[in-house]
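These are the residues of each chain, in order.
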Amino acid sequence: MRKSGRCLEILVPELSACIHEVNDKGGNHKSTFLQVLSRADYATSGVDFEEYMLKACGIKGQSDGYVSQAAILAYGDNALMSSVPILCSDPVFLKGDPSRLMLFDADTIGINRTEADSLIRVLNDLFRHDGLSIWYKDPRRWFIEGLSHTTYGGTSPNKLTGTPLEPDMASRKALGDLGRIMTEAQMVLHDCEVNKRRLSGGKPPVNSIWLWGAGEQPLVTKPKITTVFTNDHFSTSCANFSNLAVGGVEDIDLSMIPSDARGLVAISPKYNLRETNQILQCVIEHAVSSLKSRELDKLLIISDRDTFLIERRMLRRFWKRRKSLMRRIMDRGTIN
C-alpha cells in the first residue's frame, strides 16, 4: 500500500505543563502522548503560538514586519479586510488596590450582546468627535477604527488576565493619544448604567477597553499547510484569511489534507491544562492510529520549547527513553 505522504503537525505550547501533570499523577504508562514522545526524535526549537500560526498560513506584513493581529481577528469576525487602521479594543475589568493593578478579560467576567451594545453606544458617543468608531461581532472582541496610527502591538488581554499590570501600565505612559483614549473610556464607563446593573447583580464592571493588536496590513504568500484543525478563533481567522480548509479538533478528518500535503492541529494556550491534556491525548491517539494505517506518514508535535518527530517505523521503538525524558523534566522543570 502506497504511503499517503500526509504530515500532521500538532502545535501545543502547553506540552511541557501537560507532561508535568501526567508525571505528578504517577506517570501513567498508558498515556499515548508520553509513549509517542519517548519514541520520537526531537530538537529544541521554541516557538510563539501566534507567530507560528501566521507563518504556517503564509501570512506576513507588507514589509515583513509585525502582522496586525487586529486585522486578522477582525477578518475572522466579518470576513472583510479593514481599509482603515484598526486596533483591538477589548472590554476588560481592571481591578486595582494599593499594591497592584489586575486585568480580567471578557471571557473571565462575562458580557452579553445587550451589555456590549449599550457600552459601545456610550463609547461611540464619547469618541464621535475624534472620528473613532468601535464595533463588534462577538461581544468579547471589540475593534476600534479611525485612529491616526496603529503602531502599538501590545498584548492580548487573554494572556494578561489575572496578572499584575504595573510594568505594562508604566510603558503606556508614553502612548500619547492611545493613552488618552483608554483614560477617557475608563471615565465614561465608570458611571454608566450597564456597569451599575452589573455591580448590583454581583458582576464585575466592564470599566476599561484594552488597546492592542497593531501591526502591518497582512498579506498571504504561500502557506506551508493546507488544513487547520482548531477551536481557537485566532487560528481559525488565520486559516480563513489564507483560504485554507478548517475543521474542529474533536473529530479530525485527515481526508481534508490532500496527499503529500501538511495539516495543522492548533491547540491554543488559552485552554485550561486538564482540557489540553484530554484534547492532546485524543488527537495523538488518532494520529498514531493513522500512522499505523498509513493514512498519515509523519507526525510533528511542536511545543513552546521543542519539536518532536514521529514516523511509522518509530512506533516499533522500545519505550526506553521515558525515564530520561521524565528525569529532564524533573531536574530542569522543562524539556531541553
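Predicted, not measured: the structure shown is a model, and the values here were computed from it.

Engineer: Quick question: what am I supposed to make of the overall build of the chain here?
Structural biologist: When you go through the chain residue by residue, the secondary structure sums to 13 helices and 14 strands. Long-range pairs, those at least 24 residues apart, make up 74% of the contacts in the chain between residues at least 6 apart in sequence. Total accessible area on the chain stands at roughly 15,900 Å², and carbon and sulfur atoms take up 50% of it.

Engineer: Whenever I open this one, the pairing of strand 10 (residues 227–230) confuses me. Can you help?
Structural biologist: Covered by surrounding structure in strand 10 are Thr227 and Phe229 together with Val228 and Thr230, the residues of both alternating faces. Bridge count for strand 10 against strand 11 (residues 245–247) is 3 bridges, and the pairing is parallel. Residue pairing for strand 11: phenylalanine 229 is matched across the bridge by glycine 247. Bridge count between strand 10 and strand 12 (residues 262–266): 4 bridges; the pairing is parallel. In the sheet register, threonine 227 faces strand 12, and the bridge partner there is glycine 263.

Engineer: Even after reading the chapter, I still don't get the packing of aromatic side chains, so can you show me in this structure?
Structural biologist: Two numbers describe a pair of aromatic rings. These are the distance of the centres and the angle of the planes. Under the definition given, this model contains 4 aromatic pairs. Both rings, one in tyrosine 75 and one in phenylalanine 241, keep their centres 5.1 Å apart while their planes meet at 85 degrees; by these two values the pair is edge-to-face. You can see tyrosine 75 sitting in helix 4 (residues 69–78) and its partner phenylalanine 241 sitting in helix 11 (residues 233–241), a full 166 residues away along the chain. The class for phenylalanine 241 is buried, based on a relative accessible area of 15%.

Engineer: How should I be thinking about the side chain of arginine 141 in this particular structure?
Structural biologist: Tracing the backbone shows arginine 141 in strand 7 (residues 141–145). A polar contact is formed between the side chain of arginine 141 and the side chain of histidine 233, at a distance of 3.4 Å.

Engineer: Help me understand unusual backbone geometry in this model?
Structural biologist: Of all residues except glycine, most have a negative phi; of all peptide bonds, most are trans. The backbone phi angle of alanine 79 is positive, close to 60 degrees, even though this residue is not glycine. Take alanine 79: it is sitting in the loop between helix 4 and strand 4 (86–97). In this model, asparagine 243 sits at a positive phi of 60 degrees, which is unusual for a non-glycine residue. Considering the arrangement of structural elements, one finds asparagine 243 in the loop between helix 11 and strand 11.

Engineer: Hey, could you run me through the pattern of salt bridges in this one?
Structural biologist: Pairing between side chains of opposite charge can happen when the charged atoms of each approach one another. With the rule as written, the count across this model stands at 13 salt bridges. Among the salt bridges present, the one from aspartate 125 reaches arginine 128, with a minimum N-O distance of 3.0 Å. Take aspartate 125: its relative accessible area is 47%, and that puts it in the partly exposed class. For arginine 128, a relative accessible area of 54% corresponds to the exposed category. Arginine 140 is paired through a salt bridge with aspartate 138; the nearest N and O atoms lie 2.7 Å apart. What makes arginine 140 partly exposed here is its relative accessible area of 36%. Connected through shared salt-bridge partners, Asp77, Asp107, Asp138, Arg140 and Arg141 make up one network.

Conventions adopted
- Residues numbered from 1 in each chain as written.
- Predicted model: local features only at pLDDT ≥ 70, side-chain atom pairs only at ≥ 80, totals over all residues.
- Heavy atoms only, no water.
- Helix = DSSP H or I, 4+ residues; strand = E, 2+ residues; numbered from the N terminus.
- Contact = heavy atoms within 4.5 Å.
- Areas by Shrake-Rupley, 256 points an atom, 1.4 Å probe, with all protein chains shown as cover.
- Buried < 20%, exposed > 50% of the residue type's maximum accessible area, 1.4 Å probe, protein only.
- Pairing = 2+ DSSP bridges.
- Phe/Tyr/Trp six-rings, centres within 6.5 Å; stacked < 30°, edge-to-face > 60°.
- Polar contact = N/O pair within 3.5 Å; in protein donor to acceptor, adjacent residues only side chain to side chain.
- Salt bridge = Lys/Arg side-chain N within 4 Å of Asp/Glu carboxyl O.

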